Amino acid sequence: MTGKITALDLAAGELSEPTKAYFAKCEEKLGLVPNVLKAYAFDDKKLRAFTDMYNDLMLGESGLSKLEREMIAVAVSSINHCYYCLTAHGAAVRQLSGDPLLGEMMVMNFRAADLSPKQTAMLEFAVKLTEEPATIVEADRAALRQAGFSDRDIWDIASTAAFFNMSNRVAAAIDMRPNDEYHAMAR
């Protein structure tokens with residue numbers, strides 16, 4: 001599959017002017033257009049829905065830091081063995097934390113990392129939501145509150161974990177491949 005972004009043969013659709021501008025901004029800020037965006041480029045409406053949700057969850061107002069949101073992405077993606085997201089978001093953890101070792105531990109097993117009790121509680125909840133969503137009960141939310149999270153933070157933790165579960169499943173289904181550049185970032 002060398003050189004391909006996904007295992008599907010979907011021709012790129014007509015991109016709207018806002019989407020073209022978004023791609024240009026990615027190129028300017030990241031030095032690349034992430035392959036996940038290129039994978040969605042067959043349908044501008046689907047691409048915009050994906051990017052709008054992603055940007056709100058990962059960059060919008062939240063009591064969670066950008067690093068914490070990326071840590072959720074990596075913990076969930078580690079459980080799901082999502083090659084694309086582990087590569088891309090592992091790079092983001094390395095970059096945001098300034099700690100390549102943390103990025104690698106997060107990808108392999110977040111429990112091996114030296115995390116705060118608050119971060120551990122957040123990630124344990126995200127993992128439980130990934131592995132056994134039907135078993136989430138009030139005690140799980142209470143544990144997050146006790147760790148220092150607000151109800152809005154709990155919403156953000158759950159939404160971020162859920163988004164990456166969806167993304168991981170799409171990436172697995174279509175064999176989405178990460179940009180090669182991610183492998184060398186922040187090492």
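So, here's what we can say about the structure. Since the structure is predicted, the reported quantities are computational estimates derived from the model, not experimental observations.

Along the protein, the regular secondary structure elements total 9 helices and 0 strands. Element order for the protein, N to C, with α for helix and β for strand: α-α-α-α-α-α-α-α-α. Based on the C-alpha atoms only, the size of the protein along its principal axes is roughly 50 × 35 × 30 Å. Every one of the 187 residues in the protein was classed for burial, and the buried ones make up 43%. For the protein, the exposed area adds up to about 9,800 Å²; of that, 56% sits on carbon and sulfur atoms. Across the protein, the 20 positively charged side chains and the 26 negatively charged ones have centroids separated by 2 Å.

Further remarks concern the nonpolar core. L37, I72, Y84, M106 and L123 are the most contacted members of the largest nonpolar core, which has 52 residues in total. At the level of secondary structure, the elements contributing two or more residues to this core comprise α1 (17–30), α2 (35–40), α3 (44–59), α4 (66–80), α5 (83–97), α6 (100–109), α7 (117–131) and α9 (151–174). Ranked by residues supplied to this core, first place goes to α9 with 7 residues.

Next up on the list: the pattern of salt bridges. Overall, the coordinates contain 12 salt bridges when judged by the stated rule. The partner of K128 in a salt bridge is D140, with the nearest N and O atoms 3.0 Å apart. Of this pair, K128 sits in helix α7 while D140 sits in helix α8 (residues 138–147), placing them 12 residues apart in sequence. Overall, D140 belongs to the buried group, its relative accessible area being 16%. For D156, the salt bridge is made with R152, and the minimal N-O distance between the two is 3.0 Å. Of the two residues, D156 and R152 are both situated in helix α9; the distance of 4 residues between them amounts to about one turn of the helix. Among the residues examined, R152 registers a relative accessible area of 47% and is labelled partly exposed.

To continue, consider the packing of aromatic side chains. For the structure shown, the criterion picks out 6 aromatic pairs. With centroids separated by 5.3 Å and ring planes inclined at 40°, the aromatic side chains of F50 and F163 adopt a geometry described as tilted. Taken together, the positions of F50 in helix α3 and F163 in helix α9 put the pair 113 residues apart, joining distant regions of the chain. Consider the rings of Y54 and F163, whose centres lie 6.2 Å apart with planes at 55°: the pair is tilted. With Y54 in helix α3 and F163 in helix α9, this residue pair connects regions lying 109 residues apart in the sequence. Among the residues examined, F163 registers a relative accessible area of 7% and is labelled buried. The structure contains a cluster of three or more aromatic residues connected by ring pairs, namely Y40, F50, Y54, F163 and F164. The aromatic ring of Y22 is capped on one face by R48, whose charged end is 5.6 Å from the ring centroid. One Lys or Arg, K118, reaches over the ring of F149 and ends 4.8 Å from the middle of that ring.

Definitions and limits used
Residues numbered from 1 in each chain as written. Predicted model: local features only at pLDDT ≥ 70, side-chain atom pairs only at ≥ 80, totals over all residues. Heavy atoms only, no water. Helix = DSSP H or I, 4+ residues; strand = E, 2+ residues; numbered from the N terminus. Buried < 20%, exposed > 50% of the residue type's maximum accessible area, 1.4 Å probe, protein only. Areas by Shrake-Rupley, 256 points an atom, 1.4 Å probe, with all protein chains shown as cover. Lys, Arg positive; Asp, Glu negative; His and termini not counted. Charge placed at Lys NZ, Arg CZ, Asp CG, Glu CD. Core = buried A, V, L, I, M, F, W, Y, C linked by side-chain atoms within 4.5 Å. Salt bridge = Lys/Arg side-chain N within 4 Å of Asp/Glu carboxyl O. Phe/Tyr/Trp six-rings, centres within 6.5 Å; stacked < 30°, edge-to-face > 60°. Lys NZ or Arg CZ within 6 Å of the ring centre and 35° of its normal.

Function cannot be read off these values alone, since they describe shape.
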